[in-house]
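Take a look at the letters that make up each chain.
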Amino acid sequence: MMAWSTLFLAFAAFTAIAASMERHGDDLRLAPQGRALAWRAGGYGLLAASLLPCLARWNASVAVTAWLGLLTFAALALGLLLTYAPHAARRAASAAGAAGLLAALLFLPL
Amino acid sequence: MRPDGKPEGLRQSMSWLHTWSGLLLGWLLYAVFFTGTLSYFRDEIDDWMRPELHASVPGPETAQRALDAMQRIAPEATTWTLSLPGPRQTAVEASWREPGAEQGRAGLKRATLDAATGERIEPRETRGGAFLYRFHFELYAMPRVWGRWIVGIATMFMFVAILSGVITHKKIFTDFFTFRPKKGQRSWLDAHIATAVLALPFHIVITFSGLVLLMFMLMPWGIQAIYGGDTNAYFAEVRGARPQATAQGERQRGGRQEAGAAALAPVAPLMAEAAQRWPVHGVGSITVNAPGTPRATIELREGGGESLANRGQARTLLFDGATGRMRDRPEPAAASWVRATSNVITGVHLGRFAEPAVRWLLFLSGVVGTVMAATGMVLWVVKRLPERRKLGRTPFGHRLVEVLNVGSIAGLSVATAAYFWMNRLLPAGLEARGDWEIRGFFIAWLLCLLHPLVRTHRRAWLEQMLLAALLFALLPVLNPLTGGASLAQSVPHGQWSIAGFDLTMLALAALHGWVVWWLLRGKPAAKPAPRAAAPATGGVAVKAQAWERAQ
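Note that the structure is predicted; figures quoted are calculated from it, not measured.

### Considerations on the sheet that holds strand β2 (residues 92–97) of chain B
Residues and elements named next belong to chain B.
Now for step 1: The antiparallel open sheet is built from eight strands, whose spatial order is β4-β3-β2-β1-β5-β6-β7-β8. Each of the sheet's edge strands pairs with one partner strand only, and the pair in question is β4 (120–121) and β8 (326–327).
Now for step 2: Summarising the sheet, strand β1 (residues 79–83) and β2 pair through five bridges and their orientation is antiparallel. Across the sheet, the residue bridging to Thr81 is Ser95, located in β2.
Now for step 3: Taken strand by strand, helix α3 (residues 62–73) contacts β1, β2, β3 (108–113) and β5 (283–289), and its axis lies near 35° from that of β2.

Here you go:
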């Protein structure tokens, strides 16, 4: 469950980062002029936070390994979505962010 | 290398380095990546390739049945070790040491036991997953040291190709999520970059750790200088070996005569105790020391580790054999940070620590790496199409690369599938059966290297990919027909090693089938120059048109 949480959160984070990029900003319709920096900062912040569910699930060394692997597939998924269904990316990212957060809140030993 | 004679920048020279180191070692590295990725499922392959084991369905009684069986098979042994079924293994692998047997592996006797009945199973002779595993770092049919040297050097070039690739690709961040399909060369480049950059942590770690694993052979001078050539002493120290272990064995052996026989306590409560402590991995193996004597001990070992720093070292519980009471035992010493670092690096590569989720992640990352190598080699061909068009003919070198690409990429899939088919089609009692399976692998591969010589480039891809897809897709059908457990049996019984193999073969069939479908759609724009092999000018004209459409 923690792996899914990380995957979803990382997907949302990468979408936020993509929104701050010139090439994808239009597709995502998230970043009006000048807000790019905020999206980027938020994206990287969320990306860092997506490590937490892994750390809750695994010992640190395994957690970082799994996290890096999950980042790869979150980014690949976003890349494919931006290619074939760019306008669905925004909704997908919102849903993924919510699902990831929910999974983390439900299962993280806070 | 610039035709206009101007000095080259760093990027150009890196690009040159990346292209040529990638091409020259690409075929080898592709094979290393492919077989190495499959090796993450080495145990599953071993189970699948021994269909005699498929009738063995684990249950709650398995541990007790196996111990009872050992009482019959080896009542005099000084130790029994039982590797229990789990998600990656469907039967019990037993080993024991008879009194007075040699030290080390040579003195061990082995048997495979049915998990439900404890009966001995005699599986067919096969190298199983070990062949693919060994091939990925030692190759085959040459002295091991040579194979390791070749793979080691290729790995170094891989490291060079990764680093020079990152430098070459200047838009690494602006292109991060970009894939532009149906644009010919551009699409191949995007695919190559995406699979490289997005999985970069995996590529760097797996290459670097691969080098570290081969380091003792590539750079042995440090160990030679300090240990005076006694490499075994070095490895023993690295592992933190305990020399007193043998003395203990002697004592136990002596104890048998002085004390009478004593039955082992039932193992079920011990297993329950362990299951409670290790909810994730459960019990992986049982070791009984001095069975049948009052001094017997039962050691339960966890089925996996928690940390990479101690190389996935499992926790253990020790019980008194006769009474089943737990005994205290000292905590194992923590690894020093030097050893911990080395353990983390090599542990990641070997994936021994990995529970199914992490193992799948490593496997899928390996698939991405395999795709990266393949797209890079195809890119070499696609990128040179304009040059070819200008020449009006296909230079020998280009044709050679095309042939080798088909044979080494599609051909390896066919060969691997053929290896699994041979496993089932060869008679179970054949002399040197394991060797014949491997010969089948290499014969299939060789045929796949020759086949593109007599076919056009596109047809060669198509036919070999189709063959690979069919061979993979039919493996789950072949499995029950030749004595194995079908998916309808393995899934409900929770035999995930067998079901996982069959399902993975279906996934591989789908992947190859997708390539076939994509080739058949015949969009020359997506893959220019289908007739690259045709020597007639007509072929060149088609190719030229294709290239123009690709622009």
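Let us keep going from here.
### Things to note about unusual backbone geometry
All names here are of chain B.
Now for step 1: In this structure, Ala290 takes a positive phi of about 50° despite not being glycine.
Now for step 2: Mapped onto the elements, Ala290 comes out in the loop between β5 and β6 (297–302).
Now for step 3: Judged by the 24 C-beta atoms lying within 10 Å of it, Ala290 falls in the buried class.
Now for step 4: The phi angle at Ala432 is positive, at roughly 50°, despite the residue not being glycine.

### Some points on helix α6 (residues 185–197) of chain B
Now for step 1: A rise of 1.5 Å per residue sets the reference length of α6 of chain B, with its 13 residues, at 18 Å; its end C-alpha atoms lie 18 Å apart and thus fit the reference within 8%.
Now for step 2: Burial in α6 of chain B covers these residues: Ser187, Trp188, Ala191, His192, Ile193, Ala194, Thr195, Ala196 and Val197 of chain B.

### A few points about the environment of Tyr140 of chain B
Now for step 1: Structurally, Tyr140 of chain B is set in the loop between α4 (129–138) and α5 (144–168).
Now for step 2: When the C-alpha atoms of Tyr140 of chain B and Ile438 of chain B are compared, they prove to be 9.5 Å apart, with 298 residues separating the residues in sequence.

### Digging into the interface of chain A and chain B
Now for step 1: Contacts between the two partners involve 22 residues from chain A, matched on the other side by 24 residues from chain B.
Now for step 2: Secondary-structure elements contributing two or more residues to the side of chain A that touches chain B are α1 (2–19), α2 (22–28) and α5 (60–84) of chain A.
Now for step 3: In terms of residue count, α5 of chain A provides more of the side of chain A that touches chain B than any other element does, 16 residues in total.
Now for step 4: A class-by-class count of the residues in the side of chain A that touches chain B yields 13 nonpolar, eight polar and one charged.

### A short note on the environment of Leu105 of chain A
Now for step 1: As for its position among the elements, Leu105 of chain A is in helix α6 (residues 89–107).
Now for step 2: In this structure the C-alpha to C-alpha distance between Leu105 of chain A and Leu7 of chain A, which are 98 residues apart in sequence, comes to 15 Å.

### A word on the confidence of the model for chain B
Residues and elements named next belong to chain B.
Now for step 1: Averaged over every residue, the pLDDT of chain B is 82; the share at 70 or more is 82%.
Now for step 2: Put simply, helix α20 (residues 537–550) is where chain B has its lowest mean pLDDT, 39, and helix α17 (residues 457–481) is where it has its highest, 96.
Now for step 3: With pLDDT under 50 throughout, residues 242–258 is counted as low confidence; its partners more than four residues away or in other chains account for 13 contacts.
Now for step 4: When the criterion is pLDDT under 50, residues 525–551 qualifies, and its contacts beyond four places in sequence or with other chains add up to 48 contacts.
Now for step 5: Across the assembled chains, the prediction reports ipTM 0.89 with pTM 0.84.

### Here's the deal with the packing of helix α1 (residues 10–39) of chain B against helix α15 (residues 396–425) of chain B
Residues and elements named next belong to chain B.
Now for step 1: Interhelical geometry of α1 versus α15 gives an angle of 5° and a closest axis separation of 10 Å. It follows from the interaxial angle that α1 and α15 lie roughly parallel. Where α1 abuts α15, its residues Trp27, Tyr30, Ala31 and Phe34 lie against Leu404, Ser408, Ile409 and Leu412.
Now for step 2: Residues of the contact of α1 with α15, tallied by class, amount to seven nonpolar, one polar and no charged.

What counts, and where the lines are drawn
Residues numbered from 1 in each chain as written. Chains lettered and ligands numbered in written order. Predicted model: local features only at pLDDT ≥ 70, side-chain atom pairs only at ≥ 80, totals over all residues. Pairing = 2+ DSSP bridges. Helix = DSSP H or I, 4+ residues; strand = E, 2+ residues; numbered from the N terminus. Contact = placed C-beta atoms within 7 Å. Axes fitted to C-alpha atoms, helices over the stretch in contact; angles between N-to-C directions. Buried ≥ 20, exposed ≤ 12 C-beta atoms within 10 Å, placed from the backbone. Expected span 1.5 Å × (residues − 1). Nonpolar A, V, L, I, M, F, W, Y, C, P; charged D, E, K, R; others polar. pLDDT = per-residue confidence, 0-100. Parallel < 35°, antiparallel > 145°, perpendicular 65-115°, else oblique.

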